[in-house]
Amino acid sequence: MAADQAPLEFGGPLGAAALVLLLPTTMFHLILAASSGPARLLGPPPYLPGLEELWSPWALLLLLTWLGLQAALYLLPARKVAEGMELKDKNRLRYPINGFQALVLTALLVGLGVSAGLPLGALSKMLLPLAFATTLTCFIFSLLLYVRSLLAPASALAPGGNSGNPIYDFFLGRELNPRIGSFDFKYFCELRPGLIGWVLINLALLMQEAELRGTPSLAMWLVNGFQLLYVGDALWYEEAVLTTMDIIHDGLGFMLAFGDLAWVPFTYSLQAQFLLYHPQSLELPMALFICFINAIGYYIFRGANSQKNTFRKNPSDPSVAGLATIPTATGRQLLVSGWWGMVRHPNYLGDLIMALAWSLPCGVSHLLPYFYLLYFTALLVHREARDEQQCLQKYGRAWKEYCQRVPYRIVPYVY
């Protein structure tokens, strides 16, 4: 193992191979379960679809058209071009900040299509073949990325994705920033097709419910509104993704390709899928209470992220200048007050509170709509452990001091 190579994660090659199979299987199980009568999260799927139900050339054409549209919007002139973190070769890549612009233009195009008679609600009946086409595309895309990475110089490889084991490196991704010209594949996948596709699927499910029942339910409106706010926030603050582990540490392999392009739109829309087939009556007082929970989560999430991003850009900004910090050997300061003095990952706390609010409109009779909350809890706990390891390696004694002063990781007085 190279001296600068990160230790193997996810259980090494065996764990990576298992996840390559488990993640798509779980996604298909959730889609099938959401549309079935029992809607069971645990246990076998309601039935096993045949290839004729999974494969559709129209679904593949629709997917490729969607990816082409988002790629074209990516290449439009951006309101801002930002520089990423410094790379091994001391260079900084440049990224267009136009994700929110892509969301607005997509909404306008979809609106024009619907007004011209586009049957957007029919998309809800194509989720299975669309998910299959996306999964197939992700496998091919990840294989091409792996082959391409074999020709990349050592300076272009990700810290953890060049173990020498083909299965592990295929999953985690060998090349850190695969590009053709200025088109960055990882940055494109991270926030564009999957996130915008998520809200489009939600909207299609809402319109299909309106066709079936005359009007969308209050529960469906809440789920659509909450998740649109989340996606809009991510794209409005798109520049913040440049400092995340996905961009600065992980290569682009099957983990990110499948996660961004397939897992996000088809599993994060699970609550809306469930509500289409299992309508829930939601009284206004309960709806207001759920809105309050979501508002608390968003307030913590946005406040913590904004405070961190402001401090990174300008520690002298009046909004963060008075916060206590810990100096590090790298020359950077660790925030130890404000949101980041409450817990080590307050943004994760906000994320989990919002996840609860997204599930509550679905009632409490089924566990299935709460899959996102359960999964996201496991994901954030795992990601927090990865963050801790990275920060300990980077900041050493300063990080140990921070952990002593801020003992709780995500939930105050709990974890």
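Summary of the structure given here. (Residues numbered from 1 in each chain as written. Predicted model: local features only at pLDDT ≥ 70, side-chain atom pairs only at ≥ 80, totals over all residues. Heavy atoms only, no water.)

**Overview of helix H3 (residues 57-74)**
Moving on, step 1. For H3, built from 18 residues, the straight-helix expectation of 26 Å at 1.5 Å per residue is met to within 8% by its first-to-last C-alpha distance of 26 Å.
Moving on, step 2. Among the residues making up H3, those that are buried are Ala59, Leu63, Trp66, Leu67, Gln70, Ala71, Leu73 and Tyr74. Along the axis of H3, the buried residues cluster in a sector spanning 165°; they form a single face. (Helix = DSSP H or I, 4+ residues; strand = E, 2+ residues; numbered from the N terminus. Expected span 1.5 Å × (residues − 1). Buried < 20%, exposed > 50% of the residue type's maximum accessible area, 1.4 Å probe, protein only. Arc of directions from axis to C-beta.)

**Focus: unusual backbone geometry**
Most peptide bonds take the trans form, and the phi angle of most residues other than glycine is negative.
Moving on, step 1. A positive phi is found at Phe10, a non-glycine position, where the angle reads about 60°.
Moving on, step 2. Within the fold, Phe10 resides in the segment before helix H1 (12-34).
Moving on, step 3. Judged by relative accessible area, Phe10 falls into the partly exposed class, the value being 23%.
Moving on, step 4. For Ala39, which is not glycine, the phi torsion reads 50° and is therefore positive.
Moving on, step 5. Relative to the assigned elements, Ala39 resides in the loop between H1 and helix H2 (51-54).

**Notes on the nonpolar core**
Moving on, step 1. Among the nonpolar cores identified, the biggest contains 105 residues, and Met27, Trp198, Phe266 and Leu368 are the most heavily contacted of them.
Moving on, step 2. With ten residues, helix H11 (residues 254-267) is the single largest residue contributor to this core.
Moving on, step 3. Excluding residues that lie within four positions of it along the chain, Met27 makes contacts with Ala131, Thr135, Phe258, Ala262, Trp263, Phe266 and Thr267.
Moving on, step 4. Within the second largest apolar cluster, 16 residues are counted, among which are Val320, Leu323, Leu334 and Tyr395. (Core = buried A, V, L, I, M, F, W, Y, C linked by side-chain atoms within 4.5 Å. Contact = heavy atoms within 4.5 Å.)

**Some words on a nonpolar patch on the surface**
Moving on, step 1. A cluster of nonpolar side chains, namely Leu51, Trp55, Leu136, Ile140 and Leu144, defines an oily patch on the protein surface of about 500 Å² accessible area.
Moving on, step 2. Ranked by residues supplied to the nonpolar patch, first place goes to helix H5 (residues 127-149) with three residues.
Moving on, step 3. In this fold, Leu144 is placed in helix H5. (Patch = residues over 30% accessible without salt bridge, like charges linked within 9 Å, V, L, I, M, F, W, Y side chains within 5 Å. Areas by Shrake-Rupley, 256 points an atom, 1.4 Å probe, with all protein chains shown as cover. Salt bridge = Lys/Arg side-chain N within 4 Å of Asp/Glu carboxyl O.)

**Observations regarding the environment of Ser149**
Moving on, step 1. Looking at the secondary structure, you find Ser149 in helix H5.
Moving on, step 2. A C-alpha to C-alpha distance of 47 Å links Ser149 and Val364, two positions 215 residues apart in sequence.
Moving on, step 3. Non-local contacts of Ser149, meaning those with residues more than four positions away in its chain, are made with Leu157, Arg174 and Glu175.

**What to know about the packing of aromatic side chains**
Moving on, step 1. This model, assessed by the stated rule, comprises 29 aromatic pairs.
Moving on, step 2. Taking 6.2 Å as the distance between ring centres and 65° as the angle between the ring planes, the aromatic pair formed by Tyr74 and Tyr187 counts as edge-to-face. Pair noted here: Tyr74 is in helix H3 and Tyr187 is in helix H7 (residues 185-191), with a separation of 113 residues, a long-range link. For the pair Tyr74 and Tyr187, one class covers both residues: buried. (Phe/Tyr/Trp six-rings, centres within 6.5 Å; stacked < 30°, edge-to-face > 60°.)

**Concerning helix H14 (residues 346-359)**
Moving on, step 1. The terminal C-alpha atoms of H14, which comprises 14 residues, lie 21 Å apart, in line with the 20 Å expected from a rise of 1.5 Å per residue.
Moving on, step 2. Most of H14 sits out of view: twelve of its 14 residues are buried.
Moving on, step 3. Those residues of H14 not exposed but buried are Pro346, Asn347, Tyr348, Leu349, Gly350, Asp351, Leu352, Met354, Ala355, Ala357, Trp358 and Ser359.
Moving on, step 4. Those residues of H14 that are buried are in contact with helix H8 (193-213), helix H9 (218-236), helix H12 (270-277), helix H13 (284-313) and helix H15 (371-395).

**Quick look at the side chain of Asn294**
Moving on, step 1. Turning to its location among the elements, Asn294 is positioned in helix H13.
Moving on, step 2. Sequence-distant contacts of Asn294, defined by excluding residues within four places in its chain, comprise Phe226, Leu229, Met354, Ala357 and Trp358.

**Section: the environment of His249**
Moving on, step 1. In this fold, His249 is placed in the loop between helix H10 (245-248) and H11.
Moving on, step 2. Linking His249 and Leu157, residues 92 residues apart in sequence, is a C-alpha distance of 9.7 Å.
Moving on, step 3. Polar contacts involving the side chain of His249 include one to the side chain of Asp250, which spans 3.0 Å. (Polar contact = N/O pair within 3.5 Å; in protein donor to acceptor, adjacent residues only side chain to side chain.)

**Section: the environment of Gly173**
Moving on, step 1. Structurally, Gly173 is set in the loop between helix H6 (166-172) and strand E3 (179-180).
Moving on, step 2. Placed 143 residues apart in sequence, Gly173 and Ser316 show a C-alpha to C-alpha distance of 37 Å.
Moving on, step 3. Not counting the four nearest positions on each side in its chain, Gly173 is found in contact with Ala158, Gly161, Gly251, Leu252 and Gly253.

**What about the pattern of salt bridges?**
Moving on, step 1. This model, assessed by the stated rule, comprises 13 salt bridges.
Moving on, step 2. Linking Glu388 and Arg344 is a salt bridge whose minimum nitrogen-to-oxygen distance equals 2.9 Å. With Glu388 in helix H15 and Arg344 in the loop between strand E6 (333-335) and H14, the pair connects residues that are 44 residues apart, well separated along the chain. Summarising the burial analysis for this pair, Glu388 and Arg344 share the class buried.
Moving on, step 3. In this structure, a network of salt bridges that share partners links the residues Glu9, Asp250 and Arg386.

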